[in-house]
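# Fold and geometry: a report
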Amino acid sequence: MTPRDDATEVTAAGIARLAGVGRAAVSNWRRRHGDFPKPVGGTETSPSFALTEVERWLRGQGKLVEVPLRERVWQQLAGHPAGPVTALLHAGCALLLIRDRPTDWLAVGVVSDERMAQLLPDALDEAVAMRFGVRRRRAVRVPEPAELLPSVPLLRGVAELSAELGARQTYEFLLGRHTDANPRQYTLTPAGPAELMARIAGSTAPARTVLDPACGTGALLRAVPSRPDQYLYGQDSSPELAALTALRLALHSDATVRTMAADTLRADAYDGRTADAVLCHPPFNDRNWGHDELAYDPRWEYGFPARGESELAWVQHALARLTDGGTAVLLMPPAAASRRSGRRIRADLLRRGALRAVVALPAGTAPPYNLPLHIWVLRRPDRAARPAPELLLVETAGAAAADGRDKQLWPAVQDAVLDAWQHVERHGTLDERPGLARSVPVLELLDDEVDLAPARHLPPPAEAAGGTGLRTVREGLGEALRRAADLAPPPDDLDPAPADAARPPLTTVGELARAGALTLHTGTGEGPGGTPVLTDHDVLTGGAPSGTARESTAHGRAAHESAEHGSAPDDAPVRTAPGDVVVPVFGGGAAARVIDEATAGAALGRGLALLRPEPAALDPWFLAGFLRGTANHRQASSYASTSARLDVRRLQLPRLPLAGQHAYSARFRRLAEFEDAVRRAALLGDRLVRGMHDGLAEGTLPPGGA
């Protein structure tokens, strides 16, 4: 083992993932075992340990059979002495070399670590130059030998993982794992909105040149359909993000990729260059965007933005970088459509035909998740064309769950938006689609407010607020209430058990796993593209799988569970099967769900544990019922200042033969049916109350009646 391997550090959370245990178990090992590795870094409250020492100790204790390759590479990256971002950049350069010049990689991969660090820069420089051009104009810097030396073990692991997954998927895995682990450091554009924005931009004709002036990690440019003759340009104020985006795009497609690191509004790297399409998710509410320095900038064709209107500065920057007739699609905060300080710019955008559509997305589709963000579609006016007389407004809140979490409804949202936009593109106008979309005459919007919020101009469909619509809801509510009453536990079931009744001895999930009565699996949210994912929200609300799997190969990144704990190695993303029991491990709520035929086949989401009982030993309803006990959860949970984590292995249940479990199983199953009926009645009751309020307030229901 070389000294560079020892430089990789791992936290207690990483050790827990390696061994397939909770963090509390790691703390117990440190207290009970004098030979447990000593901290080599970190802080007193969050120490870090040498990965190789931890690995050696776990093997010696029989707590580790094999470190999964993906987990080993991730731990090497996360514990890199220069930090995970530097490690990602080094890994990306190596993967580019592996993909584009594999023989060069093979030549440097067979020598010693020290020699490899000396030879790699020249090989990397050739691969990087081939994709990103001359050195002075590219965001990706090739590291020097001294910088590369600590990364050599990581790069060897990355190459091995690439042989298994492919270069592109390896980088997507590492980048995704890094952003998941550091959610507050990045403003990410989810795949759904990114794909929708890219499809809008290319709806008329595929864009040959595409620019993202606030590229972040490159999600928007990655969503653009790939073509070899394409040019993808990105810019970000963070040099690290500009480089990560370049590497991500180069590994994703054969398009020409150029990214630059600079503050876009203050130091536009593409001044004088135009693009067929601009995609952008700009920073929101940025009062330090350059208001004082840029008062006379020629980009402000539609008016000088106020200090609090940074988003309108980005809108005009995007328009300035378009070819005549080019399309810009920006993700915007809803306030930008109605703030008084921006009304003059909005009015000029409308008068000159630059703003073509405003689409309101459901809350929860993109960060910040508490806001229903808007998509603005703009087109640089063609001097020979007349300004568009109408603005397309689309309101999609009715097409998705109230909190935007039901990702299964996202395809319906995307289809509705694209259908409305493409209709306007073909015909120039759109007949009103009640509650969803409408082409509004520009003159109707040019009042004192110039309020472009779609909800202000799209009243809900009349039938939603009265008539047969509410009658149907009321009939459904009556049926749900009758079913709930029929399923309610009868009074006799509520009598307490005799005080002298003997209670069977208890066992734990951990003991059952070691005995082979069940296996444990950890959710990752990965699977083949488009696979539905069962989320913790779905388990808590009883809903259908609402997530969408991140693309993966047959090998999942969930950690292998050790033989000591009786859990099966997860060589593939975990898919639910009938009879599985799924438990959320975060949040502190007591919940457990038995998977049925309708839910089977979904990928298991992050933050969930799956227990797969052996049918000859455990009844799933018996297992799920006892796992939901409030006291059971309390004794098996650990608490931080703002969150709770459940150690599933500590959950308890009676030790009973299969025949003795059946009576409990029948009662727990009936309780679940009662819970579903109550939940449905509550949803219908809420719809009826909201519909009545809306109907009375809007005049579609009369105030009379009983």
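Everything numeric in this text was worked out from a predicted model, so none of it was measured. (Residues numbered from 1 in each chain as written. Predicted model: local features only at pLDDT ≥ 70, side-chain atom pairs only at ≥ 80, totals over all residues. Heavy atoms only, no water.)

### Some remarks on the confidence of the model for the chain
For the chain, the average pLDDT comes to 86, and 90% of its residues sit at 70 or higher. Here residues 1-5 scores under 50 on pLDDT; set against residues more than four positions off or in separate chains, the count is twelve contacts. The model gives residues 401-405 a pLDDT under 50, and that stretch makes ten contacts with residues more than four places away or in other chains. (pLDDT = per-residue confidence, 0-100. Contact = heavy atoms within 4.5 Å.)

### Concerning the packing of aromatic side chains
On inspection of all chains with the given rule, the structure shows twelve aromatic pairs. Relative to W300, the ring of W289 has its centre 5.9 Å away and its plane inclined at 90°; by these criteria the two rings are edge-to-face. Placement of W289 in the loop between strand 7 (275-280) and helix 15 (310-320) and of W300 in the loop between strand 7 and helix 15 is noted, with a sequence separation of eleven residues between them. The buried category is assigned to W300, whose relative accessible area is 9%. Chaining the aromatic ring pairs together yields one cluster made of W29, F36, F49 and W57. (Phe/Tyr/Trp six-rings, centres within 6.5 Å; stacked < 30°, edge-to-face > 60°. Helix = DSSP H or I, 4+ residues; strand = E, 2+ residues; numbered from the N terminus. Buried < 20%, exposed > 50% of the residue type's maximum accessible area, 1.4 Å probe, protein only.)

### Overview of the nonpolar core
In this structure, W105, L120, F132, I200, L279, I375 and L392 are the most contacted members of the largest nonpolar core, which totals 86 residues. Here this core takes eleven residues from helix 6 (residues 84-100), the largest share from any one element. When residues no more than four places from it in sequence are discounted, the contact partners of L120 are L97, W105, V108, L148 and L155. Counting residues in each nonpolar core, the second largest holds 42 residues, with A214, A337, I345 and L452 among its members. (Core = buried A, V, L, I, M, F, W, Y, C linked by side-chain atoms within 4.5 Å.)

### So, the pairing of strand 10 (residues 374-379)
Of all six residues making up strand 10, six are buried, and the element is well covered by its neighbours. In this structure, strand 8 (residues 322-332) lies alongside strand 10, joined through six bridges in antiparallel fashion. For A328, the partnering residue across the bridge sits in strand 10 and is L378. Examined bridge by bridge, strand 9 (residues 355-360) and strand 10 share five bridges and lie antiparallel to one another. Counterpart to L355 in the pairing with strand 10 is L378. (Pairing = 2+ DSSP bridges.)

### Description of the pattern of salt bridges
Inspection of every chain in the model, using the stated rule, returns 37 salt bridges. The salt bridge involving R266 is made with D263; its shortest N-O contact spans 3.0 Å. Where E675 meets R628, a salt bridge forms, and the shortest distance between an N and an O atom there is 3.0 Å. Residue E675 is located in helix 25 (residues 658-698), and its partner R628 is located in the loop between helix 23 (620-627) and helix 24 (630-636); the two are separated by 47 residues in the primary sequence. On the accessibility criterion, E675 (27% relative accessible area) is partly exposed. Residue classification places R628 among the partly exposed positions, given a relative accessible area of 33%. (Salt bridge = Lys/Arg side-chain N within 4 Å of Asp/Glu carboxyl O.)

### Looking at the environment of R227
With respect to the helices and strands, the residue R227 is situated in the loop between helix 13 (219-222) and strand 5 (231-236). R227 sits in the partly exposed class, given a relative accessible area of 23%. Separated by 20 residues in the primary sequence, R227 and A207 place their C-alpha atoms 9.6 Å from one another. Excluding residues within four positions of it along the chain, R227 makes contact with P206, A207, R208 and A255. Within polar-contact distance, the side chain of R227 engages the side chain of D229 at 2.9 Å. (Polar contact = N/O pair within 3.5 Å; in protein donor to acceptor, adjacent residues only side chain to side chain.)

### What to know about the environment of L247
Structurally, L247 is set in helix 14 (residues 239-252). Residue classification places L247 among the buried residues on the basis of a relative accessible area of 0%. Among all residues touching L247, those that are not within four sequence positions of it are L89, G92, C93, L96, F132, V140 and Y171.

### Focus: helix 25
In this model, helix 25 (41 residues) spans 59 Å end to end at C-alpha, consistent with the 60 Å of a helix rising 1.5 Å per residue. The largest bend in helix 25 amounts to roughly 30° and is located at Y664. Within helix 25 the residues assigned to the buried category are Q661, S665, A672, A677, A681, L684, G685, L688, G691 and G695. Looking one or two places after helix 25, you find G699, whose phi comes out positive at around 85°. (Expected span 1.5 Å × (residues − 1). Bend = angle between axes of the 7 residues up to and from the residue.)

### Focus on the environment of P504
Inspection of the secondary structure assignment puts P504 in the loop between helix 20 (468-487) and strand 13 (506-508). Judged by relative accessible area, P504 falls into the partly exposed class, the value being 27%. Beyond its immediate stretch of four places on either side in the chain, P504 contacts P654, R655 and L656.

### Notes on the pairing of strand 7
Taken residue by residue, a regular strand's side chains alternate between the two faces of the sheet. Of all six residues in strand 7, five are buried, a share of seventy percent or more. Here five bridges tie strand 7 to strand 8, and the two strands are oriented parallel to one another. Pairing of A275 across the sheet is with L322, part of strand 8. Crossover connection from strand 7 via helix 15 to parallel strand 8: handedness right-handed. (Right-handed = clockwise from strand over helix to strand, strands pointing away.)

### Structural notes on the sheet that holds strand 2 (residues 41-42)
Taken in spatial order, the three strands line up as 1-3-2 in an open sheet, and their pairing is antiparallel. On the outer flanks of this sheet lie strand 1 (9-11) and strand 2, each paired with one strand and no other. Relative to the sheet, helix 2 (residues 12-19) contacts strand 1 and strand 3 (47-50), its axis offset from that of strand 1 by approximately 85°. (Axes fitted to C-alpha atoms, helices over the stretch in contact; angles between N-to-C directions.)

### Describing unusual backbone geometry
For residues besides glycine, phi is generally negative; the peptide bonds are generally trans as well. Here the residue pair P367 and P368 is connected by a cis peptide bond, since its omega of -5° sits within 30 degrees of zero. For P368, the location among the structural elements is in the loop between strand 9 and strand 10. In this structure, N285 is a non-glycine residue whose phi angle is positive, near 55°. Its location among the elements puts N285 in the loop between strand 7 and helix 15. Judged by its relative accessible area of 56%, N285 is exposed. Even without being a glycine, V450 presents a positive backbone phi close to 50°. For V450, a relative accessible area of 3% gives the class buried.

### Some points on the state of the cysteines
This model, assessed by the stated rule, comprises zero disulfides. Free cysteine: C215, not disulfide-bonded; nearest cysteine sulfur from C280 at 9.6 Å. By relative accessible area, C215 is classed as buried at 5%. (Disulfide = S-S within 2.5 Å.)

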